[in-house]
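# Remarks on the overall topology
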Amino acid sequence: MELQLALDLVDIPGAKEVVREVGAYVDIIEIGTPVVINEGLRAVKEIKAQFPHLKVLADLKIMDAGGYEVMKASEAGADIVTVLGVSDDATIRGAVAEARKQGRKIMVDMINVKDLETRAREIDALGADYICVHSGYDHQASGLNSFADLAVIKRVVKQAKTAIAGGIKLETLPEVIQAAPDLVIVGGGITGQADKQAVAAEMQKLVKAV
Ligand SMILES: O=C(CO)[C@H](O)[C@H](O)COP(=O)(O)O
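Remember, it's a predicted structure, so these values are computed and weren't measured experimentally.

### Things to note about the pattern of salt bridges
The tally for this structure, following the rule as stated, stands at 15 salt bridges. Where Asp-79 meets Lys-48, a salt bridge forms, and the shortest distance between an N and an O atom there is 2.9 Å. Placement of Asp-79 in the loop between helix 4 (66-76) and strand 4 (80-84) and of Lys-48 in helix 3 (residues 42-50) is noted, with a sequence separation of 31 residues between them. A salt bridge links Glu-122 to Arg-119; its shortest N-O distance comes to 2.7 Å. Placement of the pair is Glu-122 and Arg-119 together in helix 6 (residues 116-125), with a separation of three residues, close to one helical turn. Exposure remark for Glu-122: the relative accessible area of 35% places this residue in the partly exposed category. Residue class for Arg-119 comes out buried when judged on its relative accessible area of 11%. One connected set of salt bridges, linked through shared partners, spans Lys-16, Glu-39, Arg-42 and Glu-46.

### What about the nonpolar core?
Membership of the largest hydrophobic core comes to 62 residues, with the highest contact counts inside it found for Ile-29, Ile-31 and Ile-106. Sequence-distant contacts of Ile-31, defined by excluding residues within four places in its chain, comprise Leu-7, Val-36, Ala-43, Val-44, Ile-47, Val-56, Leu-57, Ala-58 and Asp-59. Membership of the second largest hydrophobic core comes to eleven residues, among which are Met-107, Tyr-130, Ala-163 and Ile-185.

### Topic: the UniProt feature "domain: Orotidine 5'-phosphate decarboxylase" (unreviewed entry) in the protein
According to UniProt, the positions carrying the feature "domain: Orotidine 5'-phosphate decarboxylase" (unreviewed entry) are residues 2-203. In this annotation, residues 2-203 is assigned 47% helix and 21% strand; the end-to-end C-alpha distance for the span is 10 Å.

### Points about the sheet that holds strand 8 (residues 183-186)
Taken in spatial order, the eight strands line up as 1-2-3-4-5-6-7-8 and close into a barrel, and their pairing is parallel. Between one strand axis and the next, the sheet turns through 25° on average, direction left out of account. Here strand 1 (residues 2-7) runs beside strand 2 (residues 28-31); their pairing, made up of four bridges, is parallel. By the bridge assignment, Leu-5 is partnered in strand 2 with Ile-29. The strands that helix 3 touches are strand 2 and strand 3 (55-62); relative to strand 3, the one it contacts most, it runs at about 170°.

### Overview of the site of the ligand
What surrounds the ligand is a group of 13 residues, the closest being Asp-8, Gln-140, Gly-167, Gly-187 and Gly-188. Between an oxygen atom of the ligand and a side-chain N or O atom of Lys-61, the distance comes to 3.0 Å. Here an oxygen atom of the ligand sits 2.8 Å away from a polar atom, N or O, in the main chain of Gly-188. Protein coverage of the free-state accessible area of the ligand, which is 360 Å², stands at 92%. Partitioned by chemical class, the residues of the shell around the ligand number three nonpolar, six polar and four charged.

### A short note on the confidence of the model for the protein
Per-residue pLDDT for the protein has a mean of 97; in total, 100% of the residues score no lower than 70. Predicted as a complex, the structure gets a pTM of 0.97 and an ipTM equal to 0.97.

### Section: the packing of helix 1 (residues 12-22) against helix 11 (residues 196-208)
Contact geometry of helix 1 with helix 11 gives a least axis separation of 9 Å together with a crossing angle of 55°. The orientation of helix 1 relative to helix 11 falls into the category oblique. Seen from above, helix 1 lies across helix 11 with right-handed handedness. Listed contacts from helix 11 to Val-18, Glu-21 and Val-22 of helix 1 are Lys-196, Gln-197 and Ala-200. Here the residues of the contact of helix 1 with helix 11 are counted per class, giving three nonpolar, one polar and two charged.

What counts and what doesn't
- Residues numbered from 1 in each chain as written.
- Predicted model: local features only at pLDDT ≥ 70, side-chain atom pairs only at ≥ 80, totals over all residues.
- Heavy atoms only, no water.
- Salt bridge = Lys/Arg side-chain N within 4 Å of Asp/Glu carboxyl O.
- Helix = DSSP H or I, 4+ residues; strand = E, 2+ residues; numbered from the N terminus.
- Buried < 20%, exposed > 50% of the residue type's maximum accessible area, 1.4 Å probe, protein only.
- Core = buried A, V, L, I, M, F, W, Y, C linked by side-chain atoms within 4.5 Å.
- Contact = heavy atoms within 4.5 Å.
- UniProt positions renumbered as here; feature names shortened; annotations may be inferred.
- Pairing = 2+ DSSP bridges.
- Axes fitted to C-alpha atoms, helices over the stretch in contact; angles between N-to-C directions.
- Near = heavy atom within 4 Å.
- Polar contact = N/O pair within 3.5 Å; in protein donor to acceptor, adjacent residues only side chain to side chain.
- Areas by Shrake-Rupley, 256 points an atom, 1.4 Å probe, with all protein chains shown as cover.
- Nonpolar A, V, L, I, M, F, W, Y, C, P; charged D, E, K, R; others polar.
- pLDDT = per-residue confidence, 0-100.
- Parallel < 35°, antiparallel > 145°, perpendicular 65-115°, else oblique.
- Left-handed = near helix turned anticlockwise from the far one by under 90°.

So, in structure tokens, the structure goes:
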């Protein structure tokens, strides 16, 4: 099982500071959607240049022009790029084809997918590398999480790795781990803590113990 740190509410210098503090305890650094909106793909480029040993995920949440946008994220150094599960099959196909060409990976984010079981099967067949269940900030505000959704994709996905994101904290991590995703994504559960390093180290211990 791998651990991904999501950086959402920082600028580039702030992102570098957090990675310096907790980079040793995580496998993947996510440059979150708000960071890409504020800083552009330069954020991906600078983090990859400074921390080449870490995998970098660009959370572009692509909805159209999958091939082109994956190409741009790859040029910036992203190892993994996100595409939305609600997007057209052609978008996902284009993203997967471009990622294969560039030696990168595609994570499909299932946020707001209504028929999760059917769409997860379809996306698995389209060749996604990761399928991620996700309670976004707006869902979290209504008290929702994706724990039940993880069980659904674990049941139907045969090829892709499974991932979960959205409001995961140290206290809820054991429940997530029990459901056995391949990848756990944590943002505020690390970045919002006073001692980020201690929390990340504890999370790594739990994640690597299985
Ligand atoms: O993609 C995101 C929001 O759309 C976040 O990166 C993801 O939800 C993880 O952050 P947190 O653990 O703070 O919810």
